[in-house]
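Listed below, chain by chain, are the residues.
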Amino acid sequence: MIELEKKTYIKVAIIFLISLILLWTFSAVYFGYDAHSSVIRADQWRFLRIYLAPIYNGTFEFRDLWCDEHPNAFKAVIFILNAKLFDLSISLFFYVGIISKVLFIYLFVYLLNTTLTSVTMLNRALISLIFVSIYFSIKTINEYTLPLITISNFWFLYMLITLFF
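Basis of the calculations
Residues numbered from 1 in each chain as written. Predicted model: local features only at pLDDT ≥ 70, side-chain atom pairs only at ≥ 80, totals over all residues. Heavy atoms only, no water. Phe/Tyr/Trp six-rings, centres within 6.5 Å; stacked < 30°, edge-to-face > 60°. Helix = DSSP H or I, 4+ residues; strand = E, 2+ residues; numbered from the N terminus. Buried < 20%, exposed > 50% of the residue type's maximum accessible area, 1.4 Å probe, protein only. Lys NZ or Arg CZ within 6 Å of the ring centre and 35° of its normal. Axes fitted to C-alpha atoms, helices over the stretch in contact; angles between N-to-C directions. Left-handed = near helix turned anticlockwise from the far one by under 90°. Contact = heavy atoms within 4.5 Å. Nonpolar A, V, L, I, M, F, W, Y, C, P; charged D, E, K, R; others polar. Expected span 1.5 Å × (residues − 1). Arc of directions from axis to C-beta. 1 Å grid on protein atoms, 1.4 Å probe; cavity = no way out; pocket = protein on both sides within 12 Å on 5 of 7 lines; lining within 4 Å. Points joined across faces, edges and corners; volume = space filled by probe spheres on them.

Chemist: Before we go on, may I ask you to explain the packing of aromatic side chains in this structure?
Modeler: The description of an aromatic ring pair uses the distance of the two centres, along with the angle that the planes make with each other. Under the definition given, this model contains 16 aromatic pairs. Ring centres 5.8 Å apart and planes at 75° place the aromatic pair Phe31 and Tyr144 in the edge-to-face group. Here Tyr144 lies in helix 6 (residues 142–145) and Phe31 lies in helix 1 (residues 2–35), a separation of 113 residues in the sequence. Of the residues examined, Tyr144 reaches a relative accessible area of 0% and is grouped as buried. Seen in terms of ring centroids, Phe94 and Tyr95 are 5.6 Å apart; in terms of plane orientation they differ by 70°. Their pairing is edge-to-face. Tyr95 gets classed as partly exposed once you look at its relative accessible area, which sits at 29%. Of the aromatic side chains, those joined through ring pairs into one cluster are Phe104, Phe108, Phe131, Tyr135, Phe136 and Phe156. A cation sits over an aromatic face here: Lys101 above Tyr135, 4.2 Å from the ring centre.

In C-alpha cells:
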C-alpha cells in the first residue's frame, strides 16, 4: 500500500516538473514574441546595402553572401528570404531563432534523458527543469528582443544535431 502511494507521488511530481518545463518554455517564447521588434535595426541596416541593393540592381552574385564584415551566409539568406517573401514585414530572424531555441533544448533534454538511464525518472525530470530554466532565462534581454541575436540559436541546434546524429 505504501509503495503504491510512493509511485503515485513520483508520477505527480514528474507531471508537475514537466508542466513547469512547458510553462517555462511557453513564457519565454511568448515574452520573445511580445518583446521582439520586426523593425530593421542595428547590423541589419548594413544588410540592406550589402544584400538587397545588389539583388534589386541585378548585380547580386553568390559570393556576395560572404562579403559582410562578419560573414554569415545563413543570416544573409534569411534576410533575403524575409525581404523577398514578406517585404521585411515580419521578423523571420526571430521565428527561426526561437524555433531553433525550443528544438535545441528539447533535443538536449531528450539526449540527456536517454543517456542517464541509471538515474531515476524524477531526478531526470528535475535535471531537465534546471537546464530548461537556465536556457530560457532572461539572462540577457537582447536574446529575445533583438532577432539578430535570437537567430544564433540555430547554430546551437546545428552543432547538437551534428554531434549526436
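Structure's up, so let's keep going.
Chemist: What am I meant to see in the packing of helix 4 (residues 92–115) against helix 8 (residues 153–164) here?
Modeler: Each packed pair of helices is defined by two parameters, the angle between the axes and the distance between the axes. The interhelical angle for the contact between helix 4 and helix 8, taken along N-to-C directions, is 35°, at an axis separation of 7 Å. Between helix 4 and helix 8 the crossing geometry is left-handed. Every residue of helix 8 that contacts helix 4 at Gly97, Ser100, Lys101, Leu103, Phe104, Leu107, Phe108 and Leu111 is listed here: Asn153, Phe154, Phe156, Leu157, Leu160, Ile161 and Phe164. Residues of the contact of helix 4 with helix 8, tallied by class, amount to 11 nonpolar, three polar and one charged.

Chemist: When you look at helix 8 in this model, what are you seeing that I'm missing?
Modeler: Helical periodicity: at 3.6 residues per turn, an α-helix aligns residues three or four positions apart in one direction. Between its terminal C-alpha atoms helix 8 stretches 17 Å, which fits the 16 Å expected from 12 residues at 1.5 Å a residue. Looking at helix 8, one finds that the buried residues are Asn153, Leu157 and Leu160. Taken down its axis, helix 8 places every buried residue within 65° of arc, on the same side. Tucked into the core, helix 8 has its buried residues touching helix 4, helix 5 (121–135), helix 6 and helix 7 (147–150).

Chemist: Can you walk me through empty space enclosed by the protein in this structure?
Modeler: Over the atoms rolls a probe the size of a water molecule, and its path tells where empty space is left. On inspection of all chains with the given rule, the structure shows one cavity of 30 Å³ or more. The computed volume of the largest cavity comes to approximately 80 Å³. If you trace the largest cavity, you find 13 residues lining it, with Ser38, Gln44, Asn82, Ser91 and Phe93 closest to the centre. When residues of the lining of the largest cavity are traced back to their parent elements, those giving at least two are helix 3 (73–86) and helix 4. Here the residues of the lining of the largest cavity are counted per class, giving eight nonpolar, five polar and no charged.

Chemist: Would you mind going over the side chain of Thr150 with me for this structure?
Modeler: Tracing the sequence through the fold places Thr150 in helix 7. Aside from chain neighbours lying at most four places away, what touches Thr150 is Phe94, Gly97, Ile98, Glu143 and Tyr144.

Note that every value here comes from positions in space, so none of it alone points to a role or purpose.
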